[in-house]
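# Understanding the architecture of this molecule
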Amino acid sequence: EDQVTQSPEALRLQEGESSSLNCSYTVSGLRGLFWYRQDPGKGPEFLFTLYSAGEEKEKERLKATLTKKESFLHITAPKPEDSATYLCAVQSSGYSTLTFGKGTMLLVSP
Amino acid sequence: EPEVTQTPSHQVTQMGQEVILRCVPISNHLYFYWYRQILGQKVEFLVSFYNNEISEKSEIFDDQFSVERPDGSNFTLKIRSTKLEDSAMYFCASRGGNRGSGSPLHFGNGTRLTVT
């Protein structure tokens, strides 16, 4: 059974204070690891897909990296508008569904 | 940018009643999904649908649930006899590409179902 564990559960940063979110996973065969952003009362919004260890993707202040056991979402100089819950999900070979972690709730204070 | 739309945004129903949640997936997508999120918990897979049939389903998706694509644009989730524990946010998602492509799911903003 695929498992995804995210840490920390919650993170409070000052504006401009860089940090990283962690996603540890176990999966029978990784087809893809996905990062989503979820605002309160909204659906998950797609950010990145990573397919193989060593891969990196960037978008504005966010950078996602992948190893064989975990992924990191690095947030550089965050702004208050980056406040959201960040979800990690895995897709295993042979399936099209996603297994999600519980998410990291990020709060960036001005 | 094309998006997945869901209606209604909030549905209140009494225990034992039937509800139908509606979704319009992104127009050129062929794979459709329902997920749910109970307050404070993780997003959980319910069912996936392709080529007019269910392709995968979870243990949560029991006989009280059904899905349908009644026409070329809508995708629905029916809950036959709602229970208190069905109260959750229900998300529809769609995906392009082929089965093995690893393309991302795109989610709607959900229907909040409250069972009283």
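One can find the structure itself at the top, above this paragraph.
Parameters at a glance
- Residues numbered from 1 in each chain as written.
- Chains lettered and ligands numbered in written order.
- Predicted model: local features only at pLDDT ≥ 70, side-chain atom pairs only at ≥ 80, totals over all residues.
- Heavy atoms only, no water.
- Helix = DSSP H or I, 4+ residues; strand = E, 2+ residues; numbered from the N terminus.
- Rg over C-alpha atoms; globule rule 2.2 N^0.38 Å.
- Buried < 20%, exposed > 50% of the residue type's maximum accessible area, 1.4 Å probe, protein only.
- Contact = heavy atoms within 4.5 Å.
- Areas by Shrake-Rupley, 256 points an atom, 1.4 Å probe, with all protein chains shown as cover.
- Lys, Arg positive; Asp, Glu negative; His and termini not counted.
- Charge placed at Lys NZ, Arg CZ, Asp CG, Glu CD.
- Disulfide = S-S within 2.5 Å.
- Buried area = accessible area lost by both parts, 1.4 Å probe.
- Salt bridge = Lys/Arg side-chain N within 4 Å of Asp/Glu carboxyl O.
- Polar contact = N/O pair within 3.5 Å; in protein donor to acceptor, adjacent residues only side chain to side chain.
- Pairing = 2+ DSSP bridges.
- Axes fitted to C-alpha atoms, helices over the stretch in contact; angles between N-to-C directions.

### Observations regarding the overall build of chain A
Along chain A, the regular secondary structure elements total zero helices and 11 strands. Starting at the N terminus and ending at the C terminus, chain A contains elements arranged as β-β-β-β-β-β-β-β-β-β-β. Relative to the globule expectation of 13 Å for 110 residues, the C-alpha radius of gyration of chain A, 13 Å, shows essentially globular dimensions. Referenced to the eigenvectors of the C-alpha coordinate spread, the extents of chain A come out at roughly 45 × 30 × 20 Å. Expressed as a percentage of the 110 residues in chain A, the buried residues total 49%. Intrachain contacts of chain A at a sequence separation of at least 6 include 55% that bridge at least 24 residues. For chain A, the accessible area works out to roughly 5,300 Å², and carbon and sulfur atoms hold 49% of it. Averaging the locations of the 12 positively and 14 negatively charged side chains of chain A gives two centres separated by 2 Å.

### Here's the deal with the state of the cysteines
Considering all chains together, one arrives at two disulfides over all chains under this definition. Disulfide pairing places A:C23 opposite A:C88 at an S-S distance of 1.9 Å. With the S-S dihedral at roughly -65°, the linkage between A:C23 and A:C88 falls on the left-handed side. Taken as a pair, A:C23 in strand β3 (residues 19–26) and A:C88 in strand β9 (residues 84–92) lie far apart in primary sequence, 65 residues in all. Accessibility assignment for this pair places A:C23 and A:C88 in one class, buried. Each sulfur of the disulfide joining B:C23 and B:C92 lies 2.0 Å from the other. Because the torsion about its S-S bond is -65°, the bridge between B:C23 and B:C92 counts as left-handed. Here B:C92 lies in strand β9 (residues 88–95) and B:C23 lies in strand β3 (residues 19–24), a separation of 69 residues in the sequence. Residue B:C92 is classed as buried on the basis of its relative accessible area of 0%.

### Re the interface of chain B and chain A
Across the contact, 22 residues belong to chain B and 22 residues belong to chain A. Summed over both sides, the interface between chain B and chain A buries roughly 1,800 Å², with carbon and sulfur atoms accounting for 54% of that surface. Considering only the side of chain B, the residues that lose the most area to chain A are B:K42, B:G102 and B:F107, jointly responsible for 25% of the buried surface there. Summed over the shared surface of chain B and chain A, the result is zero salt bridges. At the junction of chain B with chain A, the criterion picks out four residue pairs in polar contact (both at pLDDT 80 or more).

### Comments concerning the sheet that holds strand β7 (residues 62–66) of chain A
All names here are of chain A. One open sheet accounts for five strands, arranged β1-β3-β8-β7-β6; its pairing is antiparallel. Edge positions in the open sheet fall to β1 (3–7) and β6 (56–59), since each of these has one partner strand only. With direction set aside, neighbouring strand axes in the sheet form an average angle of 15°. Inspection of the sheet shows β1 paired to β3 by five bridges, in the antiparallel sense. Across the sheet, the residue bridging to Q6 is C23, located in β3.

### Topic: the pairing of β9(A)
All names here are of chain A. Taking burial as the measure, the nine residues of β9 include nine buried ones, the bulk of the element. Residues A84, Y86, C88, V90 and S92 point to one face of β9 and T85, L87, A89 and Q91 to the other, with burial holding for every one of them. Examined bridge by bridge, strand β4 (residues 30–38) and β9 share eight bridges and lie antiparallel to one another. Bridge pairing in β9 links F34 to A89. Bridge count for β9 against strand β11 (residues 104–109) is three bridges, and the pairing is antiparallel. Residue pairing across strands places T85 opposite M105, the latter belonging to β11. Relative to strand β10 (residues 99–100), β9 is paired through two bridges, and the arrangement is antiparallel. Within β10, the residue paired with V90 across the bridge is T99. Where β9 folds back on β10, the antiparallel hairpin that results is connected by six residues, among which G94 adopts a positive phi of roughly 90°.

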